[in-house]
Amino acid sequence: MLRLKNITKTYEVGDTSVQALDGVSIDFRPHEFVSILGQSGCGKTTLLNLIGGLDQYTSGDLII
């Protein structure tokens, strides 16, 4: 099982902070097929990078 609890991800760009994810919580059940859909720039790739271990989240818990 994979569980995300209140995940946030903030990128620092110069003096500006860009919040890519803001309090995302979701549970994935075993053997479940999931699609992540949304408009451009909504955080889909950021979420997948966090789940895959390619990036670190700013706060929250990722439980595997």
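Calculation criteria
Residues numbered from 1 in each chain as written. Predicted model: local features only at pLDDT ≥ 70, side-chain atom pairs only at ≥ 80, totals over all residues. Heavy atoms only, no water. Buried < 20%, exposed > 50% of the residue type's maximum accessible area, 1.4 Å probe, protein only. Helix = DSSP H or I, 4+ residues; strand = E, 2+ residues; numbered from the N terminus. Arc of directions from axis to C-beta. Contact = heavy atoms within 4.5 Å. Polar contact = N/O pair within 3.5 Å; in protein donor to acceptor, adjacent residues only side chain to side chain. Pairing = 2+ DSSP bridges. Axes fitted to C-alpha atoms, helices over the stretch in contact; angles between N-to-C directions.

Caption draft 1: Just helix 1 (residues 44–51), in detail. Buried within helix 1 are the following residues: Thr46, Leu47 and Leu50. Along the axis of helix 1, the buried residues cluster in a sector spanning 100 degrees; they form a single face. In this structure, the buried side of helix 1 is in contact with strand 1 (2–13), strand 2 (16–28) and strand 3 (59–63). Just downstream of helix 1 lies Gly53, where phi reads positive at about 80 degrees.

Caption draft 2: Up close: the side chain of Lys9. The topology assignment puts Lys9 in strand 1. With a relative accessible area of 9%, Lys9 lands in the buried category. Polar contacts involving the side chain of Lys9 include one to the main-chain carbonyl oxygen of Gln56, which spans 2.8 Å.

Caption draft 3: Inspection of the environment of Gly38 at higher detail. Among the structural elements, Gly38 can be located in the loop between strand 2 and helix 1. As for Gly38 and Thr16, which are separated by 22 residues in sequence, their C-alpha atoms are 24 Å apart.

Caption draft 4: Just the sheet that holds strand 1, in detail. Taken together, 3 strands build an open sheet; the order of strands is 2-1-3 and the sheet is antiparallel. Edge positions in the sheet fall to strand 2 and strand 3, since each of these pairs with one other strand and no more. On average, each strand axis in the sheet is tilted by 25 degrees relative to the strand beside it, whichever way the strands run. Of the pairings in the sheet, the one linking strand 1 to strand 3 comprises 4 bridges and is antiparallel in character. Among the inter-strand pairings, Arg3 is bridged to a residue of strand 3, identified as Ile63.

Caption draft 5: A look at unusual backbone geometry. Phi is positive for Asn6, close to 50 degrees, though the residue is something other than glycine. In this fold, Asn6 is placed in strand 1. Using a relative accessible area of 48% as the deciding quantity, one classes Asn6 as partly exposed. Even without being a glycine, His31 presents a positive backbone phi close to 65 degrees. Residue position: His31 is located in the loop between strand 2 and helix 1. Judged by relative accessible area, which is 87%, His31 ranks as exposed.

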